[in-house]
Amino acid sequence: MRWVLALATVLLLVAPLATRAAVDRPLDDRALEARALKLHQEIRCLVCQGQSIADSNATLAFDLRALVRERVAAGDSDATVLDFLHARYGDFVLLEPPVKPATYALWFGPPVLLVIGGLAVFVVLRRTRRPNDAALKPLSEAERRALEPLLRDDGR
Amino acid sequence: MSEQPEPIVAQELARPIARRRLWFALPILVFVGIAAALVFGLGRQGDEHARDLPSALIDKPLPAFTLPPVEGYEVGLSDADIKAAGVSILNVFASWCGPCQVEHPIWMAYAKQSDAVPLFGLNSKDQPENAANWLKKLGDPYKLIGADRDGRVSIDFGVYGVPETFVIDATGRIVLKHIGVMTRKDLDQTILPLIARLKG
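All values reported here derive from a predicted model rather than from experimental measurement.

Draft legend 1. Layout of the overall build of chain A. When helices and strands are counted, chain A shows six helices and zero strands. Helices and strands in chain A line up, N terminus first, as α-α-α-α-α-α. For chain A, the residues scored as buried account for 24% of the 156 residues in total. Across chain A, contacts joining residues at least 24 apart in sequence account for 49% of those joining residues at least 6 apart. Taken as a whole, chain A presents about 11200 Å² of accessible surface, with 65% of it coming from carbon and sulfur.

This is how it looks when you write it as structure tokens:
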């Protein structure tokens, strides 16, 4: 019984070694690690395409995380690291796409639509109010005469 | 009481109906237009290559690299080898990659063609013995193979989905990147005509 337990313990201990050790190794320097982690959030995982490399379990994401740490540790600025990946993987690797003619619709579409919508609402509201004002014609002589007694005796 | 003001609703109704309809229809038309564009975009997902990303390396020179040979081989691969070969194909493969096995017969057949340009292999993130066994079992269509153990050269090539195939011109520039399985159709209709043009 004892040796079974011992064997089980040993197996449990070595089990993680059998699986591929795809565990991130953080940088020792806290500030550099923080920068690397922030960069991970800005880089798209090209395998899964909807996630940042920080969120992805793909092997490529793992490799790119290590690469970013390596470059940050080597003294690269954030922009240099992003440029490095941009040169290899293009705009898509950046979760925040650069502003250029091909992405104008992406960047300016929503605000432009919002302005158009706002203008439309403004115009429609003004249009519908104008006939209202026009309808408030001054009372005619007959109306005033009819109204006067009512106002004077509180409608009694 | 004879001079009652005209009710507002009536005034509103008195405006030409056709014009009012147009104004009501405009936002709906805009919405339908945007929705149609988005639905079309989603529909493209059915297309095999819809999710392929444009390569940042098109029209750029080959990245510089030197790789050791696959286990059991004498010679590795460097960018100089590819440049010296003129118009050529570089195929990124791995034994762990199922689709690579699917396209492998295509390359075996191509390498036997008399007019074939040199075909180079980039063995991406493979275990040495696995790569060697894979090539032994299925055959080796490559002129030279580089073993990219840690995947760094693959990253330099912007590889994100093995298999990938690059066509390189005589000056060592990357002209085309094909992502995913190379089919007979892709080879015959895209790759080979391009190579013929580059050579001619």
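Text resumes after the structure shown.
Draft legend 2. Up close: the packing of helix α2 (residues 30-42) of chain A against helix α4 (residues 78-89) of chain A. Residue and element names in this part refer to chain A. Where α2 meets α4, the closest approach of the two axes is 11 Å, and the angle between their N-to-C directions is 40 degrees. Between α2 and α4, the angle is such that the two are oblique. Relative to α4, α2 is oriented so that their crossing is right-handed. Residues R35, L39 and E42 of α2 touch α4, and the partners they reach there are D78, V81 and L82. When grouped by side-chain class, the residues that make up the contact of α2 with α4 number three nonpolar, no polar and three charged.

Draft legend 3. Here's a closer look at the sheet that holds strand β6 (residues 164-168) of chain B. Residues and elements named next belong to chain B. If you trace the five strands from one edge of the open sheet to the other, you get β5-β4-β3-β6-β7, paired in mixed fashion. The open sheet has two free edges, formed respectively by β5 (144-148) and β7 (174-179), since each of these has just one partner strand. On average, each strand axis in the sheet is tilted by 20 degrees relative to the strand beside it, whichever way the strands run. Bridge count between strand β4 (residues 119-124) and β5: five bridges; the pairing is parallel. Following the sheet pairing, L122 is matched in β5 by G146. In the packing of helix α4 (residues 98-112) onto the sheet, contacts are made with β3 (88-93), β4 and β6, and the angle to β3 comes to roughly 155 degrees. Against the sheet, helix α7 (residues 184-199) engages β3, β6 and β7, with an angle of about 170 degrees to β7.

Draft legend 4. Spatial organisation of the pattern of salt bridges. Residue and element names in this part refer to chain A. Taken as a whole, this structure holds 16 salt bridges over all chains when the rule is applied. R69 serves as the salt-bridge partner of E33, at 2.9 Å between the closest nitrogen and oxygen. Of the two residues, E33 is situated in helix α2 and R69 in helix α3 (residues 59-73); the sequence distance between them amounts to 36 residues. Residue E33 is classed as buried on the basis of its relative accessible area of 10%. Here K38 and E42 are joined by a salt bridge, their closest N and O atoms 3.2 Å apart. Of this pair, K38 and E42 both sit in helix α2, four residues apart, which is roughly one turn of that helix. The partly exposed category is assigned to K38, whose relative accessible area is 49%.

Draft legend 5. Highlighting α4 of chain B. Residues and elements named next belong to chain B. The largest bend in α4 comes to about 35 degrees, at H104, with the proline P105 one to four residues further on. Those residues of α4 that fall on the buried side of the exposure criterion are C100, E103, H104, I106, W107 and Y110. Buried positions along α4 lie against β3, β4, α5 (128-138), β6 and α7.

Draft legend 6. Up close: the packing of aromatic side chains. Counted under the stated rule, the structure contains six aromatic pairs over all chains. An aromatic cluster is defined as three or more aromatic residues linked by ring pairs; in this entry it consists of F65, F157 and F166 of chain B. The side chain of R44 of chain A reaches across the aromatic face of F92 of chain A, ending 4.1 Å from its centre. Above the face of the F84 of chain A ring, R88 of chain A is positioned so that its terminal group lies 3.6 Å from the ring centre.

Draft legend 7. Summary view of α2 of chain A. Residues and elements named next belong to chain A. If you check α2, its first and last C-alpha atoms are 19 Å apart, about what 13 residues at 1.5 Å a residue would give, namely 18 Å. Looking only at α2, the buried set comprises E33, A36, L39 and H40. Along the axis of α2, the buried residues cluster in a sector spanning 120 degrees; they form a single face. Exposed residues lying more than 90 degrees from the buried face of α2 are R30 and A31. Residues of α2 that are buried in the fold lie against α3 and α4.

Draft legend 8. Looking closely at the state of the cysteines. All names here are of chain B. Applying the stated criterion across every chain, the model contains one disulfide over all chains. Between the sulfur atoms of C97 and its disulfide partner C100 the distance amounts to 2.1 Å. Of note, the bridge from C97 to C100 carries an S-S torsion of about 90 degrees and is right-handed in sense. Each member of the pair, C97 as well as C100, carries the same accessibility label: buried.

Calculation rules
- Residues numbered from 1 in each chain as written.
- Chains lettered and ligands numbered in written order.
- Predicted model: local features only at pLDDT ≥ 70, side-chain atom pairs only at ≥ 80, totals over all residues.
- Heavy atoms only, no water.
- Helix = DSSP H or I, 4+ residues; strand = E, 2+ residues; numbered from the N terminus.
- Buried < 20%, exposed > 50% of the residue type's maximum accessible area, 1.4 Å probe, protein only.
- Contact = heavy atoms within 4.5 Å.
- Areas by Shrake-Rupley, 256 points an atom, 1.4 Å probe, with all protein chains shown as cover.
- Axes fitted to C-alpha atoms, helices over the stretch in contact; angles between N-to-C directions.
- Parallel < 35°, antiparallel > 145°, perpendicular 65-115°, else oblique.
- Left-handed = near helix turned anticlockwise from the far one by under 90°.
- Nonpolar A, V, L, I, M, F, W, Y, C, P; charged D, E, K, R; others polar.
- Pairing = 2+ DSSP bridges.
- Salt bridge = Lys/Arg side-chain N within 4 Å of Asp/Glu carboxyl O.
- Bend = angle between axes of the 7 residues up to and from the residue.
- Phe/Tyr/Trp six-rings, centres within 6.5 Å; stacked < 30°, edge-to-face > 60°.
- Lys NZ or Arg CZ within 6 Å of the ring centre and 35° of its normal.
- Expected span 1.5 Å × (residues − 1).
- Arc of directions from axis to C-beta.
- Disulfide = S-S within 2.5 Å.

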